[in-house]
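Here are the chains, one letter per residue:
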Amino acid sequence: MEDCLAKKMEITVSEAEKRTGRNAMNMQETYTAYLIETRAVEPQSEGPCAPVDSLWRRYSEFELLRNYLSVTYPHIVVPPLPEKRADFVWHKLSADNMDPDFVERRRIGLENFLLRVASHPVLCQDKIFYSFLTQEGGWKEMVNETGFQLKADSRLKALNATFRVKNPDKRFTELKHYSDELQSVISHLLRVRARVADRLYGVYKVHGNYGRVFSEWSAIEKEMGDGLQSAGHHMDVYAASIDDILEEEEHYADQLKEYLFYAEALRAVCRKHELMQYDLEMAAQDLTSKKQQCEELATGTVRTFSLKGMTSKLFGQETPEQREAKVKVLEEQIQEGEEQLKSKNLEGRDFVKSAWADIERFKEQKNHDLKEALISYAVMQISMCKKGIQVWTNAKECFSKM
(Lines give C-alpha, C1' and ligand atoms only; values in the text may rest on other atoms or scores of the structure.)
Protein backbone atom coordinates (compact mmCIF):
# COMPACT_ATOMS: atom_id res chain seq x y z
CA MET A 1 0.00 0.00 0.00
CA GLU A 2 2.99 2.28 0.40
CA ASP A 3 3.37 2.36 -3.41
CA CYS A 4 -0.27 3.24 -4.14
CA LEU A 5 -0.93 6.40 -6.10
CA ALA A 6 -3.01 7.96 -3.30
CA LYS A 7 0.17 8.14 -1.19
CA LYS A 8 2.08 9.97 -3.93
CA MET A 9 -0.59 12.28 -5.33
CA GLU A 10 -3.39 14.43 -3.95
CA ILE A 11 -6.52 13.95 -6.07
CA THR A 12 -9.62 16.15 -5.85
CA VAL A 13 -12.68 16.78 -7.99
CA SER A 14 -12.91 20.40 -6.95
CA GLU A 15 -15.59 21.89 -9.18
CA ALA A 16 -18.58 21.09 -11.38
CA GLU A 17 -19.62 23.21 -14.34
CA LYS A 18 -22.72 23.11 -16.55
CA ARG A 19 -21.85 23.17 -20.25
CA THR A 20 -23.53 23.00 -23.66
CA GLY A 21 -22.09 21.23 -26.67
CA ARG A 22 -22.66 18.83 -29.56
CA ASN A 23 -22.88 15.08 -29.08
CA ALA A 24 -21.87 12.26 -31.46
CA MET A 25 -25.16 12.72 -33.37
CA ASN A 26 -24.35 16.42 -33.83
CA MET A 27 -27.26 17.36 -31.58
CA GLN A 28 -26.99 20.06 -28.95
CA GLU A 29 -26.90 18.78 -25.37
CA THR A 30 -26.37 20.12 -21.87
CA TYR A 31 -23.97 18.25 -19.62
CA THR A 32 -21.86 18.68 -16.49
CA ALA A 33 -18.07 18.72 -16.56
CA TYR A 34 -15.94 18.09 -13.47
CA LEU A 35 -12.58 19.64 -12.68
CA ILE A 36 -9.97 17.10 -11.55
CA GLU A 37 -7.00 18.61 -9.73
CA THR A 38 -3.86 16.63 -8.93
CA ARG A 39 -0.75 17.58 -7.01
CA ALA A 40 2.31 15.47 -6.28
CA VAL A 41 2.85 15.01 -2.55
CA GLU A 42 6.60 15.34 -3.10
CA PRO A 43 7.61 18.40 -5.20
CA GLN A 44 8.84 17.55 -8.70
CA SER A 45 11.07 19.62 -10.93
CA GLU A 46 9.11 21.50 -13.57
CA GLY A 47 9.85 20.63 -17.16
CA PRO A 48 8.29 20.41 -20.63
CA CYS A 49 6.81 16.96 -19.80
CA ALA A 50 5.40 17.91 -16.39
CA PRO A 51 1.90 16.41 -15.98
CA VAL A 52 -1.14 18.66 -16.20
CA ASP A 53 -2.33 19.55 -12.70
CA SER A 54 -5.97 20.21 -13.61
CA LEU A 55 -8.35 19.07 -16.35
CA TRP A 56 -12.05 18.67 -17.04
CA ARG A 57 -13.86 15.34 -17.47
CA ARG A 58 -17.47 14.44 -18.23
CA TYR A 59 -19.40 11.75 -16.36
CA SER A 60 -19.35 9.63 -19.55
CA GLU A 61 -15.54 9.66 -19.43
CA PHE A 62 -15.62 8.35 -15.87
CA GLU A 63 -17.93 5.60 -17.15
CA LEU A 64 -15.49 4.71 -19.93
CA LEU A 65 -12.64 4.50 -17.41
CA ARG A 66 -14.60 2.22 -15.09
CA ASN A 67 -15.73 -0.05 -17.95
CA TYR A 68 -12.10 -0.38 -19.04
CA LEU A 69 -10.99 -1.25 -15.49
CA SER A 70 -13.81 -3.80 -15.07
CA VAL A 71 -12.88 -5.63 -18.28
CA THR A 72 -9.11 -5.41 -17.79
CA TYR A 73 -9.20 -6.55 -14.15
CA PRO A 74 -12.09 -9.07 -14.00
CA HIS A 75 -10.87 -10.52 -10.68
CA ILE A 76 -11.14 -7.15 -8.90
CA VAL A 77 -14.18 -5.65 -7.19
CA VAL A 78 -13.91 -2.36 -9.10
CA PRO A 79 -15.20 0.67 -7.13
CA PRO A 80 -18.58 1.91 -8.44
CA LEU A 81 -19.44 5.34 -9.78
CA PRO A 82 -22.05 7.51 -8.03
CA GLU A 83 -25.56 7.36 -9.49
CA LYS A 84 -26.18 9.10 -12.79
CA ARG A 85 -29.69 10.08 -11.75
CA ALA A 86 -31.00 10.39 -8.21
CA ASP A 87 -32.78 7.36 -6.74
CA PHE A 88 -34.47 6.88 -3.34
CA VAL A 89 -35.22 10.59 -2.99
CA TRP A 90 -37.68 12.13 -0.54
CA HIS A 91 -40.31 14.48 -1.95
CA LYS A 92 -38.46 17.78 -1.42
CA LEU A 93 -35.28 16.49 -3.06
CA SER A 94 -34.95 17.02 -6.80
CA ALA A 95 -34.37 13.97 -9.03
CA ASP A 96 -33.07 16.22 -11.83
CA ASN A 97 -29.47 15.31 -12.68
CA MET A 98 -28.78 19.02 -13.32
CA ASP A 99 -29.98 20.08 -9.86
CA PRO A 100 -27.09 21.90 -8.09
CA ASP A 101 -27.41 19.86 -4.87
CA PHE A 102 -27.40 16.57 -6.80
CA VAL A 103 -24.44 17.69 -8.94
CA GLU A 104 -22.53 18.58 -5.78
CA ARG A 105 -23.17 15.16 -4.23
CA ARG A 106 -22.14 13.49 -7.48
CA ARG A 107 -18.95 15.58 -7.52
CA ILE A 108 -18.12 14.19 -4.07
CA GLY A 109 -18.95 10.67 -5.30
CA LEU A 110 -16.69 10.99 -8.35
CA GLU A 111 -13.83 12.18 -6.14
CA ASN A 112 -14.43 9.22 -3.85
CA PHE A 113 -14.31 6.88 -6.90
CA LEU A 114 -10.93 8.27 -7.98
CA LEU A 115 -9.55 7.97 -4.44
CA ARG A 116 -10.80 4.37 -4.18
CA VAL A 117 -9.04 3.45 -7.42
CA ALA A 118 -5.88 5.38 -6.46
CA SER A 119 -5.79 3.51 -3.13
CA HIS A 120 -6.26 0.06 -4.65
CA PRO A 121 -3.00 -1.96 -4.68
CA VAL A 122 -3.52 -3.10 -8.31
CA LEU A 123 -5.73 -0.51 -10.00
CA CYS A 124 -3.56 2.40 -8.84
CA GLN A 125 -0.71 1.13 -11.03
CA ASP A 126 -2.74 1.21 -14.25
CA LYS A 127 -1.16 3.57 -16.81
CA ILE A 128 -4.47 4.52 -18.41
CA PHE A 129 -5.89 5.53 -15.02
CA TYR A 130 -2.83 7.75 -14.52
CA SER A 131 -3.39 9.24 -18.00
CA PHE A 132 -7.03 9.92 -17.12
CA LEU A 133 -5.81 12.03 -14.20
CA THR A 134 -2.96 13.83 -15.93
CA GLN A 135 -3.50 14.02 -19.73
CA GLU A 136 -6.01 16.42 -21.22
CA GLY A 137 -6.28 14.48 -24.48
CA GLY A 138 -5.16 11.16 -25.93
CA TRP A 139 -6.23 8.92 -23.06
CA LYS A 140 -9.39 7.75 -24.91
CA GLU A 141 -7.23 6.61 -27.82
CA MET A 142 -5.09 4.68 -25.36
CA VAL A 143 -8.22 2.97 -24.01
CA ASN A 144 -9.46 2.03 -27.49
CA GLU A 145 -6.04 0.67 -28.45
CA THR A 146 -6.28 -1.89 -25.64
CA GLY A 147 -9.25 -3.47 -27.43
CA PHE A 148 -11.03 -3.86 -24.08
CA GLN A 149 -14.46 -3.73 -25.77
CA LEU A 150 -13.67 -6.94 -27.68
CA LYS A 151 -12.73 -8.62 -24.38
CA ALA A 152 -16.01 -7.64 -22.73
CA ASP A 153 -18.28 -10.65 -22.23
CA SER A 154 -21.85 -10.35 -23.48
CA ARG A 155 -24.73 -10.60 -21.02
CA LEU A 156 -26.19 -13.50 -23.04
CA LYS A 157 -22.95 -15.44 -22.72
CA ALA A 158 -22.81 -14.75 -18.98
CA LEU A 159 -26.44 -15.84 -18.55
CA ASN A 160 -25.76 -19.03 -20.52
CA ALA A 161 -22.79 -19.83 -18.28
CA THR A 162 -24.86 -19.24 -15.13
CA PHE A 163 -27.40 -21.89 -16.08
CA ARG A 164 -25.07 -24.43 -17.71
CA VAL A 165 -22.11 -24.67 -15.31
CA LYS A 166 -22.20 -28.20 -13.85
CA ASN A 167 -19.73 -27.75 -10.98
CA PRO A 168 -20.00 -24.16 -9.66
CA ASP A 169 -17.60 -23.04 -6.93
CA LYS A 170 -19.57 -22.98 -3.68
CA ARG A 171 -17.74 -19.87 -2.41
CA PHE A 172 -18.67 -17.80 -5.47
CA THR A 173 -22.26 -19.08 -5.39
CA GLU A 174 -22.54 -17.94 -1.76
CA LEU A 175 -20.91 -14.62 -2.63
CA LYS A 176 -23.43 -14.08 -5.42
CA HIS A 177 -26.32 -14.74 -3.01
CA TYR A 178 -24.71 -12.40 -0.48
CA SER A 179 -24.42 -9.59 -3.06
CA ASP A 180 -28.11 -10.03 -3.98
CA GLU A 181 -29.10 -9.83 -0.30
CA LEU A 182 -26.82 -6.85 0.32
CA GLN A 183 -28.43 -4.97 -2.55
CA SER A 184 -31.93 -5.89 -1.35
CA VAL A 185 -31.27 -4.84 2.27
CA ILE A 186 -29.63 -1.52 1.39
CA SER A 187 -32.38 -0.73 -1.15
CA HIS A 188 -35.00 -1.32 1.53
CA LEU A 189 -33.05 0.77 4.06
CA LEU A 190 -32.79 3.68 1.60
CA ARG A 191 -36.53 3.51 0.81
CA VAL A 192 -37.36 3.57 4.54
CA ARG A 193 -34.97 6.45 5.09
CA ALA A 194 -36.66 8.45 2.28
CA ARG A 195 -40.09 7.90 3.90
CA VAL A 196 -38.75 8.90 7.33
CA ALA A 197 -37.19 12.04 5.80
CA ASP A 198 -40.59 13.03 4.41
CA ARG A 199 -42.23 12.62 7.82
CA LEU A 200 -39.38 14.37 9.62
CA TYR A 201 -39.65 17.31 7.23
CA GLY A 202 -43.35 17.55 8.08
CA VAL A 203 -42.69 17.47 11.84
CA TYR A 204 -40.13 20.27 11.63
CA LYS A 205 -42.38 22.42 9.47
CA VAL A 206 -45.15 22.03 12.08
CA HIS A 207 -42.77 23.81 14.46
CA GLY A 208 -42.68 26.64 11.91
CA ASN A 209 -46.47 26.84 12.25
CA TYR A 210 -46.06 27.02 16.04
CA GLY A 211 -43.61 29.86 15.55
CA ARG A 212 -46.04 31.80 13.34
CA VAL A 213 -48.97 31.28 15.74
CA PHE A 214 -46.92 32.35 18.80
CA SER A 215 -45.71 35.47 16.95
CA GLU A 216 -49.25 36.42 15.91
CA TRP A 217 -50.54 35.71 19.43
CA SER A 218 -47.83 37.93 20.96
CA ALA A 219 -49.22 40.92 19.06
CA ILE A 220 -52.48 40.79 20.99
CA GLU A 221 -51.08 40.00 24.44
CA LYS A 222 -49.50 42.80 26.43
CA GLU A 223 -48.19 40.90 29.46
CA MET A 224 -47.38 37.62 27.73
CA GLY A 225 -46.20 39.17 24.44
CA ASP A 226 -42.43 38.95 25.01
CA GLY A 227 -42.58 35.33 26.18
CA LEU A 228 -44.70 34.25 23.23
CA GLN A 229 -42.44 36.14 20.79
CA SER A 230 -39.33 34.42 22.22
CA ALA A 231 -40.96 30.99 22.10
CA GLY A 232 -41.97 31.62 18.48
CA HIS A 233 -38.39 32.55 17.61
CA HIS A 234 -37.08 29.23 19.02
CA MET A 235 -39.68 27.36 16.98
CA ASP A 236 -38.74 29.21 13.77
CA VAL A 237 -35.02 28.48 14.21
CA TYR A 238 -35.78 24.80 14.86
CA ALA A 239 -38.05 24.54 11.79
CA ALA A 240 -35.42 26.17 9.55
CA SER A 241 -32.72 23.69 10.64
CA ILE A 242 -34.37 20.71 8.86
CA ASP A 243 -32.91 21.58 5.45
CA ASP A 244 -29.32 21.33 6.74
CA ILE A 245 -30.14 18.17 8.71
CA LEU A 246 -31.59 16.34 5.70
CA GLU A 247 -28.71 17.48 3.51
CA GLU A 248 -26.32 15.92 6.03
CA GLU A 249 -28.47 12.78 6.06
CA GLU A 250 -28.15 12.64 2.27
CA HIS A 251 -24.39 12.37 2.72
CA TYR A 252 -24.85 9.18 4.77
CA ALA A 253 -27.40 7.91 2.24
CA ASP A 254 -24.78 8.35 -0.51
CA GLN A 255 -22.33 6.25 1.51
CA LEU A 256 -24.93 3.47 1.64
CA LYS A 257 -25.63 3.87 -2.08
CA GLU A 258 -21.96 3.27 -2.83
CA TYR A 259 -22.26 -0.22 -1.32
CA LEU A 260 -25.59 -0.71 -3.10
CA PHE A 261 -23.61 -0.33 -6.35
CA TYR A 262 -20.68 -2.36 -4.99
CA ALA A 263 -23.11 -5.33 -4.92
CA GLU A 264 -23.16 -5.30 -8.73
CA ALA A 265 -19.34 -5.17 -8.80
CA LEU A 266 -19.27 -8.31 -6.64
CA ARG A 267 -21.69 -10.05 -9.01
CA ALA A 268 -19.48 -9.09 -11.97
CA VAL A 269 -16.57 -11.02 -10.40
CA CYS A 270 -18.88 -14.01 -9.81
CA ARG A 271 -20.10 -13.91 -13.43
CA LYS A 272 -16.54 -13.86 -14.74
CA HIS A 273 -15.70 -16.92 -12.64
CA GLU A 274 -18.79 -18.72 -13.97
CA LEU A 275 -17.70 -17.95 -17.53
CA MET A 276 -14.22 -19.31 -16.87
CA GLN A 277 -15.65 -22.42 -15.22
CA TYR A 278 -18.05 -22.94 -18.15
CA ASP A 279 -15.21 -22.61 -20.70
CA LEU A 280 -13.15 -25.08 -18.66
CA GLU A 281 -16.00 -27.61 -18.56
CA MET A 282 -16.65 -27.23 -22.32
CA ALA A 283 -12.93 -27.74 -23.04
CA ALA A 284 -12.88 -30.87 -20.85
CA GLN A 285 -16.02 -32.21 -22.52
CA ASP A 286 -14.59 -31.58 -25.99
CA LEU A 287 -11.33 -33.32 -25.04
CA THR A 288 -13.21 -36.37 -23.70
CA SER A 289 -15.21 -36.57 -26.93
CA LYS A 290 -12.08 -36.45 -29.10
CA LYS A 291 -10.38 -39.14 -27.01
CA GLN A 292 -13.42 -41.36 -27.42
CA GLN A 293 -13.44 -40.82 -31.19
CA CYS A 294 -9.73 -41.61 -31.35
CA GLU A 295 -10.24 -44.81 -29.36
CA GLU A 296 -13.10 -45.91 -31.62
CA LEU A 297 -11.04 -45.34 -34.75
CA ALA A 298 -7.96 -47.07 -33.31
CA THR A 299 -9.86 -50.19 -32.13
CA GLY A 300 -12.41 -50.26 -34.93
CA THR A 301 -15.29 -50.41 -32.43
CA VAL A 302 -18.06 -47.95 -33.14
CA ARG A 303 -21.10 -47.32 -30.95
CA THR A 304 -24.28 -48.61 -32.58
CA PHE A 305 -26.33 -45.49 -32.03
CA SER A 306 -23.59 -42.96 -32.75
CA LEU A 307 -23.52 -40.80 -35.86
CA LYS A 308 -20.28 -42.52 -36.77
CA GLY A 309 -21.94 -45.94 -36.53
CA MET A 310 -24.88 -44.91 -38.72
CA THR A 311 -22.53 -43.44 -41.34
CA SER A 312 -20.51 -46.68 -41.46
CA LYS A 313 -23.66 -48.73 -41.97
CA LEU A 314 -24.90 -46.50 -44.78
CA PHE A 315 -21.69 -45.88 -46.67
CA GLY A 316 -19.42 -48.73 -45.61
CA GLN A 317 -16.32 -48.94 -43.43
CA GLU A 318 -13.38 -46.54 -43.85
CA THR A 319 -10.10 -47.81 -45.22
CA PRO A 320 -7.18 -48.30 -42.78
CA GLU A 321 -5.39 -45.35 -44.41
CA GLN A 322 -8.39 -43.08 -43.86
CA ARG A 323 -8.70 -44.19 -40.24
CA GLU A 324 -4.97 -43.67 -39.68
CA ALA A 325 -5.14 -40.14 -41.10
CA LYS A 326 -8.11 -39.29 -38.89
CA VAL A 327 -6.43 -40.79 -35.84
CA LYS A 328 -3.37 -38.64 -36.49
CA VAL A 329 -5.47 -35.48 -36.76
CA LEU A 330 -7.37 -36.38 -33.59
CA GLU A 331 -4.15 -37.10 -31.69
CA GLU A 332 -2.87 -33.62 -32.59
CA GLN A 333 -6.18 -32.07 -31.53
CA ILE A 334 -6.09 -34.06 -28.27
CA GLN A 335 -2.60 -32.80 -27.53
CA GLU A 336 -3.68 -29.23 -28.21
CA GLY A 337 -6.81 -29.77 -26.09
CA GLU A 338 -4.78 -31.11 -23.16
CA GLU A 339 -2.49 -28.09 -23.31
CA GLN A 340 -5.51 -25.79 -23.53
CA LEU A 341 -7.20 -27.54 -20.60
CA LYS A 342 -4.03 -27.30 -18.53
CA SER A 343 -3.77 -23.59 -19.37
CA LYS A 344 -7.43 -22.95 -18.46
CA ASN A 345 -6.99 -24.81 -15.16
CA LEU A 346 -3.99 -22.66 -14.26
CA GLU A 347 -5.83 -19.52 -15.34
CA GLY A 348 -8.84 -20.52 -13.23
CA ARG A 349 -6.72 -21.19 -10.14
CA ASP A 350 -4.92 -17.87 -10.53
CA PHE A 351 -8.26 -16.08 -10.98
CA VAL A 352 -9.74 -17.65 -7.83
CA LYS A 353 -6.63 -16.84 -5.80
CA SER A 354 -6.49 -13.20 -6.97
CA ALA A 355 -10.26 -12.67 -6.79
CA TRP A 356 -10.58 -14.06 -3.30
CA ALA A 357 -7.72 -11.93 -2.04
CA ASP A 358 -9.45 -8.82 -3.43
CA ILE A 359 -12.83 -9.91 -2.04
CA GLU A 360 -11.29 -10.24 1.44
CA ARG A 361 -9.80 -6.75 1.04
CA PHE A 362 -13.23 -5.46 -0.03
CA LYS A 363 -14.99 -7.09 2.94
CA GLU A 364 -12.59 -5.46 5.37
CA GLN A 365 -13.13 -2.07 3.71
CA LYS A 366 -16.93 -2.55 3.66
CA ASN A 367 -17.13 -3.49 7.35
CA HIS A 368 -15.07 -0.46 8.34
CA ASP A 369 -16.96 2.01 6.11
CA LEU A 370 -20.50 0.87 6.90
CA LYS A 371 -19.80 0.65 10.64
CA GLU A 372 -18.39 4.19 10.60
CA ALA A 373 -21.27 5.57 8.50
CA LEU A 374 -24.00 3.98 10.63
CA ILE A 375 -22.40 5.11 13.90
CA SER A 376 -22.08 8.66 12.55
CA TYR A 377 -25.71 8.55 11.40
CA ALA A 378 -26.83 7.41 14.86
CA VAL A 379 -24.78 10.16 16.55
CA MET A 380 -26.36 12.73 14.21
CA GLN A 381 -29.87 11.49 15.07
CA ILE A 382 -29.10 11.69 18.82
CA SER A 383 -27.76 15.22 18.39
CA MET A 384 -30.88 16.19 16.42
CA CYS A 385 -33.16 14.83 19.16
CA LYS A 386 -31.20 16.70 21.83
CA LYS A 387 -31.71 19.95 19.89
CA GLY A 388 -35.44 19.24 19.79
CA ILE A 389 -35.52 18.72 23.54
CA GLN A 390 -33.55 21.95 24.01
CA VAL A 391 -36.01 23.92 21.85
CA TRP A 392 -38.96 22.85 23.98
CA THR A 393 -36.94 23.43 27.17
CA ASN A 394 -36.27 26.99 25.99
CA ALA A 395 -39.96 27.43 25.10
CA LYS A 396 -40.93 26.17 28.57
CA GLU A 397 -38.66 28.79 30.17
CA CYS A 398 -40.28 31.47 28.00
CA PHE A 399 -43.74 30.37 29.11
CA SER A 400 -42.62 30.22 32.79
CA LYS A 401 -41.49 33.86 32.70
CA MET A 402 -44.83 35.13 31.41
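Per an unreviewed UniProt entry, the protein is named SNX4 protein, and its organism is Centropus unirufus. What the UniProt record of the protein gives under Sequence similarities (unreviewed entry) is the line "Belongs to the sorting nexin family."

Enquirer: Lay out the overall build of the protein with the relevant residues and their values.
Expert: Within the protein, the regular secondary structure consists of twelve helices and three strands. Counting the 402 residues in the protein, one finds 38% classified as buried. Of the contacts formed within the protein by residues at least 6 apart in sequence, a portion of 75% connects residues at least 24 apart. Accessible surface, the protein as shown: approximately 24,200 Å² in total, 54% of it carbon and sulfur.

Enquirer: Residue-level account of the sheet that holds strand β3 (residues 54-58), with values.
Expert: Each strand in a sheet pairs with its neighbour through backbone hydrogen bonds, running either in the same direction (parallel) or in the opposite one (antiparallel). Read across the sheet, three strands follow the order β1-β2-β3 without closing on themselves; strand pairing throughout is antiparallel. Where the open sheet ends on each side, the last strands, each with one partner, are β1 (9-22) and β3. The mean inter-strand angle of the sheet, taken between neighbouring strand axes irrespective of direction, is 25°. Two elements, β1 and strand β2 (residues 28-40), share 13 bridges in a ladder whose sense is antiparallel. By the bridge assignment for β2, Glu 15 is matched with Leu 35. Where helix α2 (residues 59-72) meets the sheet, it contacts β2 and β3, and its direction lies at approximately 85° from that of β3. Contacts from helix α4 (residues 127-134) reach β1, β2 and β3 within the one sheet, and its direction differs from that of β3 by about 105°.

Enquirer: Describe in detail a negative patch on the surface, supporting the description with residues and values.
Expert: Negative charge collects at one region of the surface, where Asp 101, Asp 243, Asp 244, Glu 247 and Glu 248 lie side by side. No other element matches helix α10 (residues 242-299), which puts four residues into the negative patch. Relative to the elements of secondary structure, Asp 243 occurs in helix α10. Its relative accessible area of 42% is what places Asp 243 among the partly exposed residues.

Enquirer: I'd like a rundown of the pairing of β3, residues and numbers included.
Expert: Covered by surrounding structure in β3 are Leu 55 and Arg 57 only, the residues Ser 54, Trp 56 and Arg 58 on the alternate face being uncovered. Direction of pairing for β2 relative to β3: antiparallel, over a ladder of five bridges. Counterpart to Ile 36 in the pairing with β3 is Leu 55.

Enquirer: I'd like a description of the nonpolar core, backed by residues and values.
Expert: Counting 33 residues, the largest nonpolar core has Ile 36, Phe 62, Leu 69, Leu 114, Phe 129, Phe 132 and Leu 133 as its most contacted members. Contributing elements (two or more residues each) for this core: β1, β2, α2, α3 (100-119), α4 and α5 (139-145). Apart from residues no more than four positions distant in its own chain, Phe 132 is found in contact with Ile 36, Leu 55, Arg 57, Glu 61, Phe 62, Leu 65, Leu 114 and Trp 139. In terms of nonpolar packing, the next biggest core, distinct from the first, is built from 24 residues, Leu 175, Leu 260, Ala 263 and Leu 370 among them.

Enquirer: Which residues make up the environment of Ser 119, and what values do they have?
Expert: Looking at the element boundaries, Ser 119 is found in helix α3. Each C-alpha atom, one on Ser 119 and one on Lys 7, is 7.8 Å from the other, the two residues being 112 residues apart in sequence.

Enquirer: Outline the packing of aromatic side chains, listing residues and values.
Expert: With the rule as written, the count across this model stands at 13 aromatic pairs. Ring plane angle 90° and centroid distance 5.0 Å describe the contact between Phe 132 and Trp 139, whose orientation is recorded as edge-to-face. The class for Phe 132 is buried, based on a relative accessible area of 0%. Ring-pair connections join several aromatic residues into one group, and the members of that group are Phe 62, Phe 113, Phe 132 and Trp 139. Against the face of Tyr 31 rests Arg 58, its NZ or CZ located 3.8 Å from the ring centre. Of note, Arg 171 hangs over the ring of Trp 356, and the distance from its end group to the ring centre comes to 5.1 Å.

Enquirer: Kindly report on a nonpolar patch on the surface, identifying the contributing residues and their values.
Expert: A contiguous nonpolar surface patch, about 270 Å² in accessible area, is contributed by Val 206, Tyr 210 and Trp 392. In this structure, Trp 392 sits in helix α12 (residues 320-400). Trp 392 gets classed as partly exposed once you look at its relative accessible area, which sits at 36%.

Enquirer: Break down the packing of α3 against α10 for me, with residues and values.
Expert: Where α3 contacts α10, the two axes come as close as 11 Å, and the packing angle between them is 45°. Viewed along their axes, α3 and α10 adopt a mutual orientation that is oblique. The chirality of how α3 crosses α10 is right-handed. Touching Asp 101, Arg 105, Asn 112 and Arg 116 of α3 are Glu 247, Glu 250, Asp 254, Glu 258, Tyr 259 and Tyr 262, all from α10. In terms of residue class, the contact of α3 with α10 is made up of two nonpolar, one polar and seven charged.

Enquirer: So what about α4? Which residues, and what values?
Expert: Counting buried residues in α4 gives six out of eight residues, a clear majority hidden from the surface. When we look at burial in α4, the residues that qualify are Ile 128, Phe 129, Ser 131, Phe 132, Leu 133 and Thr 134. Taking the backbone nitrogen of Ile 128 as reference, a side-chain oxygen 2.9 Å away marks Asp 126 as the first, capping residue of α4.

Enquirer: Describe in detail the pattern of salt bridges, supporting the description with residues and values.
Expert: Scanning the entire structure with this criterion turns up 21 salt bridges. Here Lys 84 and Glu 63 are joined by a salt bridge, their closest N and O atoms 3.6 Å apart. Remark: Glu 63 occurs in helix α2 and Lys 84 occurs in the loop between α2 and α3; sequence separation between them is 21 residues. For Lys 84, a relative accessible area of 38% gives the class partly exposed. For Glu 264, the salt bridge identified is with Arg 271, shortest N-O distance 2.8 Å. Members of the salt-bridge network, linked through shared partners, are Asp 180, Glu 264, Arg 267 and Arg 271.

So, how was this worked out
Sequence positions are assigned chain by chain, starting from 1 and proceeding in written order. Reporting in this predicted model follows two pLDDT cut-offs: at least 70 for local features of residues, and 80 or more for side-chain atom pairs to be given and counted; totals over whole chains, interfaces and linings ignore these cut-offs and use all residues. Remark: hydrogens and water are excluded; side-chain values derive from all non-hydrogen atoms of the structure. UniProt positions are given in the numbering used here, feature names are shortened, and annotations may be inferred rather than shown by experiment. Segments assigned H or I by DSSP are reported as helices when at least four residues long, segments assigned E as strands when at least two residues long, and all are numbered from the N terminus. Using a 1.4 Å probe on the protein chains alone, a residue whose accessible area is under 20% of its type maximum counts as buried, one over 50% counts as exposed, and one in between counts as partly exposed. The contact criterion used throughout is that any non-hydrogen atoms of two residues lie within 4.5 Å. A 1.4 Å probe and the Shrake-Rupley method give the accessible areas. Residues count as covered only by the protein chains that appear here. At least two DSSP bridges between two strands are needed for those strands to be called paired. Structural elements are reduced to axes, namely lines fitted to C-alpha atoms, with helices fitted over the stretch in contact, and the angle between N-to-C directions of any two is expressed from 0 to 180 degrees. In this analysis, a patch consists of residues with relative accessible area above 30% that form no salt bridge, clustered at 9 Å for like charges and at 5 Å for the nonpolar side chains Val, Leu, Ile, Met, Phe, Trp and Tyr. Every case where a carboxyl oxygen of Asp or Glu lies within 4 Å of a side-chain nitrogen of Lys or Arg is listed as a salt bridge. Asp and Glu count as negative and Lys and Arg as positive, but His and the ends of the chain are not part of the count. For this purpose, a charge sits on NZ of Lys, CZ of Arg, CG of Asp or CD of Glu. Note on terminology: a nonpolar core comprises buried Ala, Val, Leu, Ile, Met, Phe, Trp, Tyr and Cys residues joined through side-chain atoms within 4.5 Å. Stacked, tilted and edge-to-face are the three classes applied to pairs of Phe, Tyr and Trp rings, where Trp contributes its six-membered ring and a pair requires centres within 6.5 Å; stacked means planes under 30 degrees apart, edge-to-face means over 60, and tilted covers the rest. In this analysis the charged atom, NZ for Lys or CZ for Arg, is taken to sit over a ring once it is within 6 Å of the ring centre and within 35 degrees of the ring normal. Relative orientations are named as follows: roughly parallel for angles under 35 degrees, roughly antiparallel for angles over 145 degrees, roughly perpendicular for angles from 65 to 115 degrees, and oblique for any other angle. The hand of a helix crossing depends on one turn: near helix anticlockwise from the far one by less than a right angle means left-handed, and clockwise means right-handed. Residues were grouped as follows: Ala, Val, Leu, Ile, Met, Phe, Trp, Tyr, Cys and Pro as nonpolar; Asp, Glu, Lys and Arg as charged; and all remaining residues, including Gly, as polar. Under this definition, polar contacts are N or O atom pairs within 3.5 Å; protein pairs additionally need one hydrogen-donor-capable and one acceptor-capable atom, and for neighbouring residues in sequence, both atoms have to be side-chain atoms.

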